[in-house]
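Chain and residue survey
Take a look at the letters that make up each chain.
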Amino acid sequence: MLESLKKQDSVVYNLVKSEINRQKNGLCMIPSENHASVAVLEAMGTPLSNKYSEGYPGKRYYTGNQFIDQIENLAIERAKKLFKADHANVQPNAGSTANQAVYFAMLNVGDKAMGMDLSHGGHLTHGSPVNFSGKLYNMIHYGVEKDTERINYDKLAELAHKEKPKMIISGATAYPREIDFDKFTKIAHEIGAVHLADVSHIVGLILGGVHKDCSSADIVMTTTHKTLRGPRSAIILCKEKFAKQIDKAVFPGLQGGPMEHVIAAKAVCFEEAMKPDFKPYQEQIKKNAAILAKVLGDNGIRIISRGTDNHLVLIDATSVGITGKIGSTALEEAGIYTNRNTIPFETRSPFDPSGIRMGTPSLTTRGMKEGEMEQAGEFITSVLKDPGNADLKKGIRKNVEKLTVEFPIYKEFD
Ligand SMILES: *Cc1c(COP(=O)(O)O)cnc(C)c1O
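Residues numbered from 1 in each chain as written. Predicted model: local features only at pLDDT ≥ 70, side-chain atom pairs only at ≥ 80, totals over all residues. Heavy atoms only, no water.

Considerations on the overall build of the protein chain
Within the protein chain one finds 16 helices and 15 strands. A globule of 414 residues ought to have a C-alpha radius of gyration of about 22 Å, and the protein chain, at 21 Å, matches this closely. Expressed as lengths along the three principal axes of its C-alpha atoms, the size of the protein chain is roughly 60 × 60 × 35 Å. Expressed as a percentage of the 414 residues in the protein chain, the buried residues total 56%. In the protein chain, 72% of the contacts between residues at least 6 apart in sequence involve partners at least 24 apart. (Helix = DSSP H or I, 4+ residues; strand = E, 2+ residues; numbered from the N terminus. Rg over C-alpha atoms; globule rule 2.2 N^0.38 Å. Buried < 20%, exposed > 50% of the residue type's maximum accessible area, 1.4 Å probe, protein only. Contact = heavy atoms within 4.5 Å.)

Laid out in structure tokens, this is it:
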């Protein structure tokens, strides 16, 4: 693979190769990342990218879409089957644009909606003041309790009844605990609001049956590149009564020509998620995260909410006397990739917050299990407890590389 690129543009080729090697030789522990299958990557690298197909299958503005229509219909049908959904729109380019489309469909500018506070684990698009969502809409925020660091559903209901938002958004990017989507639906419907479940991070766990279901929500949005392990993209699923509004909001509301090469790759990842090995993969992601949290906790690092129910672990780096930036940078030098993150009731700045977020989807894709998670937990602990020690980081990096050799990702790119 990549032979033509190598011949024609060695500069780009060499950078691509370096990135592939970085992924291969390190521990990718950013919980929103994964290693998609070669089939998914191949679908994206096809001449489907050349085609314009504004509109929807059977209703295109350009000719020559007979095969594109079949591909997009296949992606739609598979998405509907996988999520047991009435309707699927597979055109959104990313999670953020998909959320924009849902807001555009369901709200008017200035309308009130409710999402999780960014520093408590919500996403930027759930109403952060620096994001379109916080600028265009009147966003009310719920968060977690100070002592449990979990959502309190009674308080959530109270806030919803007091504020009466038109839409309630569930879902998060840095919340290590299970989300009760049925409770969100019940609360939303009590006040006549729409429930949007943004399951981007945990979608794989849901489909694998190791997280509570989200099908009671009126609208479900998910990215396809996180625990679902597909291409970098997103989809929207909804009840029949919202189908027209959602489709109109995506096109012509927000986007132009859809990325049909990515839609083909989405179809491939939906098929992969229906295969028998998908459920054990998701089970292992969760088991691996639990072990990781236990090792780090036993080593004296404070774990937000004292553990995890899903694929991610959020730690308080200040519990070992450092910041999230110092810790994540030191880990990077040791070949372990995480990201700095705010923690609930954050007292530091978002650029150098207290937390570090890490997860297990990518390592689990490589075949790593409990034993490797214990090793990773020990590597992480030793770096975080002595982040300035260059020899230590060099030694850990060697150990990381040794471990990764046993768990290759893509032989196709070697
Ligand atoms: C990742 C994520 C998004 C945004 O996805 P992008 O593809 O990065 O735009 C939205 N919501 C949640 C909860 C996410 O985790």
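Quick look at the side chain of Q255
Residue placement: Q255 occurs in the loop between helix 10 (243-254) and helix 11 (260-273). Taking relative accessible area as the criterion, Q255 reaches 9% and is therefore assigned buried. For Q255, the side chain forms a polar contact with the main-chain oxygen of Q91, separated by 2.9 Å. (Polar contact = N/O pair within 3.5 Å; in protein donor to acceptor, adjacent residues only side chain to side chain.)

Side note on the packing of helix 5 (residues 95-106) against helix 10
At a minimum axis distance of 8 Å, the contact between helix 5 and helix 10 shows a crossing angle of 115 degrees. Two packed elements cross with a definite hand, and for helix 5 against helix 10 that hand is right-handed. Taking contact as the criterion, the partners of T97, Q100, A101, V102, F104, A105 and M106 in helix 5 are, on helix 10, Q245, I246, A249, V250, G253 and L254. For the contact of helix 5 with helix 10, a count of residues per class yields nine nonpolar, four polar and no charged. (Axes fitted to C-alpha atoms, helices over the stretch in contact; angles between N-to-C directions. Left-handed = near helix turned anticlockwise from the far one by under 90°. Nonpolar A, V, L, I, M, F, W, Y, C, P; charged D, E, K, R; others polar.)

Describing the site of the ligand
Neighbouring the ligand are A94, G95, S96, H123, A172, T173, D198, S200, H201, T223, H225 and K226. Take G95: an N or O atom from its main chain is 2.9 Å from an oxygen atom of the ligand. D198 is positioned with one of its side-chain polar atoms (N or O) 2.6 Å from a nitrogen atom of the ligand. Coverage of the ligand by the protein chains reaches 86% of its 380 Å² of free accessible surface. Partitioning the shell around the ligand into residue classes produces two nonpolar, eight polar and two charged. (Near = heavy atom within 4 Å. Areas by Shrake-Rupley, 256 points an atom, 1.4 Å probe, with all protein chains shown as cover.)

Considering the side chain of Q284
Summarising the element assignment, Q284 is placed in helix 12 (residues 278-298). Aside from chain neighbours lying at most four places away, what touches Q284 is T364, M368, K369 and E370.

Concerning the nonpolar core
Judged by nonpolar contacts, the single largest core of 54 residues is most densely connected at I168 and V199. If we ignore the near neighbours within four places in the chain, the residues touching V199 are F181, I206, C214, V220, M221 and T222. Within the second largest apolar cluster, 29 residues are counted, among which are L296, I336, I380 and V383. (Core = buried A, V, L, I, M, F, W, Y, C linked by side-chain atoms within 4.5 Å.)

Considering the packing of aromatic side chains
Applying the stated criterion to the full structure yields eight aromatic pairs. On the numbers, 5.6 Å between centres and 55 degrees between planes, the contact of Y142 with F184 is tilted. Remark: F184 occurs in helix 8 (residues 181-190) and Y142 occurs in strand 6 (residues 138-142); sequence separation between them is 42 residues. Pair check on accessibility: Y142 and F184 agree, each one buried. Sitting over the ring of F345, K146 keeps its end group 5.2 Å from the ring centre. Over the face of the ring belonging to Y281 we find R229, whose NZ or CZ atom lies 3.8 Å from the ring centre. (Phe/Tyr/Trp six-rings, centres within 6.5 Å; stacked < 30°, edge-to-face > 60°. Lys NZ or Arg CZ within 6 Å of the ring centre and 35° of its normal.)

Some remarks on the domain arrangement of the protein chain
Considered domain by domain, the protein chain is made up of domain 1 (42-273) and domain 2 (279-413). Computed from C-alpha coordinates alone, the two centres of domain 1 and domain 2 are separated by 28 Å. The interface is formed by 25 residues belonging to domain 1 together with 26 residues belonging to domain 2. Across the domain 1/domain 2 interface, buried area totals approximately 2,300 Å², and carbon plus sulfur atoms make up 53% of it. Looking at the side of domain 1 facing domain 2, the largest losses of area belong to E149, P176 and R177, adding up to 27% of the total buried there. Put simply, domain 1 and domain 2 have two salt bridges between them. The salt bridge involving E149 is made with R302; its shortest N-O contact spans 3.2 Å. At the boundary of domain 1 with domain 2, the tally comes to 16 residue pairs in polar contact (both at pLDDT 80 or more). Among the residues making up the side of domain 1 that touches domain 2, the classes are represented as eight nonpolar, nine polar and eight charged. (Domains from an automatic or database assignment. Buried area = accessible area lost by both parts, 1.4 Å probe. Salt bridge = Lys/Arg side-chain N within 4 Å of Asp/Glu carboxyl O.)

A few points about the pairing of strand 5 (residues 112-116)
The buried count for strand 5 comes to four of five residues, which makes it a mostly enclosed element. The pairing of strand 5 with strand 7 (residues 167-170) spans two bridges and is classified as parallel. Within the sheet, the bridge partner assigned to M114 lies in strand 7 and is I168. (Pairing = 2+ DSSP bridges.)

Here we look at the sheet that holds strand 5
Read from one edge of the open sheet, seven strands run 4-10-9-8-7-5-6, paired in mixed fashion. Two strands close off the open sheet at either side, each with one partner strand: strand 4 (87-89) and strand 6. Adjacent strand axes in the sheet meet at a mean angle of 20 degrees when their direction is disregarded. Where strand 9 (residues 219-223) and strand 10 (residues 234-238) come together, five bridges link them in antiparallel fashion. Note on strand 10: the bridge partner recorded for T223 is A234. Sheet contacts for helix 10: strand 4, strand 9 and strand 10; angle to strand 4, the most-contacted strand, approximately 5 degrees.

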